[in-house]
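So you can see what is in the structure, the chains are spelled out below.
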Amino acid sequence: IPYATLRQILIPTADIAAALKKARAEHKRVILDFGGDWCPDCQVLDIYFHQQPNAALLAKHFVVVHVYIGHMDLNLDIPKKYGVPINKGVPALAVLDAHGKLLYSQQTGQFENMRNMSSSDVTAFLNRWKA
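Residues numbered from 1 in each chain as written. Predicted model: local features only at pLDDT ≥ 70, side-chain atom pairs only at ≥ 80, totals over all residues. Heavy atoms only, no water.

(A) Main features of the overall build of the protein. Each helix and strand counted, the protein has six helices and four strands in total. Order of helices (α) and strands (β) in the protein, N terminus to C terminus: α-α-β-α-α-β-α-β-β-α. The globule rule puts the C-alpha radius of gyration for 131 residues at 14 Å, and the 13 Å found for the protein is close to it. On the principal axes, the C-alpha backbone points of the protein span a range of 35 × 35 × 30 Å. Split into buried and exposed, the 131 residues of the protein put 48% on the buried side. (Helix = DSSP H or I, 4+ residues; strand = E, 2+ residues; numbered from the N terminus. Rg over C-alpha atoms; globule rule 2.2 N^0.38 Å. Buried < 20%, exposed > 50% of the residue type's maximum accessible area, 1.4 Å probe, protein only.)

(B) Representation of the packing of helix H4 (residues 54–61) against helix H6 (residues 119–129) within the structure. Across the interface, H4 lies against H6 with an axial gap of 10 Å and an inter-helix angle of 20°. Classified by the angle between their axes, H4 and H6 sit roughly parallel to one another. In the crossing of H4 with H6, the sense of the turn from one axis to the other is left-handed. Within the contact between the two elements, H4 uses Asn54, Leu57 and Leu58 and H6 uses Ser119, Val122, Thr123, Leu126 and Asn127. Of the residues belonging to the contact of H4 with H6, the class tally is four nonpolar, four polar and no charged. (Axes fitted to C-alpha atoms, helices over the stretch in contact; angles between N-to-C directions. Parallel < 35°, antiparallel > 145°, perpendicular 65-115°, else oblique. Left-handed = near helix turned anticlockwise from the far one by under 90°. Contact = heavy atoms within 4.5 Å. Nonpolar A, V, L, I, M, F, W, Y, C, P; charged D, E, K, R; others polar.)

(C) Spotlight on unusual backbone geometry. Residue Gln52 is joined to Pro53 through a cis peptide bond whose omega torsion reads 5°. With respect to the helices and strands, Pro53 occurs in the loop between helix H3 (40–50) and H4. Residue Pro91 follows Val90 across a cis peptide bond; omega there is 5°. Positive phi values are uncommon outside glycine, yet His27 reaches one of about 55°. By secondary structure assignment, the location of His27 is in the loop between helix H2 (12–26) and strand E1 (29–35). In this structure His27 comes out as exposed when scored by relative accessible area, which is 66%. We note that Asn75 has phi near 55°; this positive angle belongs to a residue other than glycine. For Asn75, the position within the fold is in the loop between strand E2 (62–68) and helix H5 (77–81). Of the residues examined, Asn75 reaches a relative accessible area of 16% and is grouped as buried.

(D) Spatial organisation of the nonpolar core. Counting 22 residues, the largest nonpolar core has Ile16, Val30, Leu32, Phe34 and Tyr82 as its most contacted members. Of all the elements in the fold, those that place two or more residues in this core are H2, E1, E2 and strand E3 (92–96). Among all residues touching Ile16, those that are not within four sequence positions of it are Leu32, Val65, Val67, Ile78 and Tyr82. Grouped together as the second largest cluster of nonpolar side chains are 17 residues, Leu93, Tyr104, Phe111 and Trp129 included. (Core = buried A, V, L, I, M, F, W, Y, C linked by side-chain atoms within 4.5 Å.)

(E) Highlighting the pairing of E3. Taking burial as the measure, the five residues of E3 include five buried ones, the bulk of the element. With burial as the criterion, each face of E3 is covered, one bearing Ala92, Ala94 and Leu96 and the other bearing Leu93 and Val95. Here E1 pairs with E3 via five bridges, running antiparallel. Bridge pairing in E3 links Val30 to Leu96. Sheet topology places E3 next to strand E4 (residues 102–105); three bridges connect them, and they run antiparallel. Within E4, the position partnered with Ala94 by the bridge is Ser105. Once E3 ends, the chain turns through five residues before running back antiparallel as E4, passing Gly100 with a positive phi of about 90°. (Pairing = 2+ DSSP bridges.)

Listed below in C-alpha cells is the structure:
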C-alpha cells in the first residue's frame, strides 16, 4: 500500500481537520471524496479533477480530502457522519463549508457511473458548490 493510501486508511479524520483549517484560512470549501483505488469510476473522477477547468476550480475554491473506504469496509463512520450512503455507489462526494457545516451530501450515487459521464459534469458540480 502506498504511503498516501495508508495515511488515508489510518487517519482520514486528521486529514479532514487539516483541510478545514486550510479552508478557513483560504476562504474555501472542503470536498470529501469517498472511494477506493479499486474503483474505476473513482479513478475517472480523479482524472476529471485534474483536467481544466476543473483543476483551476478546485485550486481556487476547494480543499479536497480523499477518504479511502476500502472495499466498503473502512472508515465507514465518516460517510455516515456526513450523510453519504456509500452503499448507493462510489465515488461519493460531500461538500463542507470552512467550519465543517455540511452543505451537500450525495444521496443517490450521482457519480457512481462516472466513466459514462463527462468532465463537464464535474465542472457543473464544482461551479454549483464553489465558495
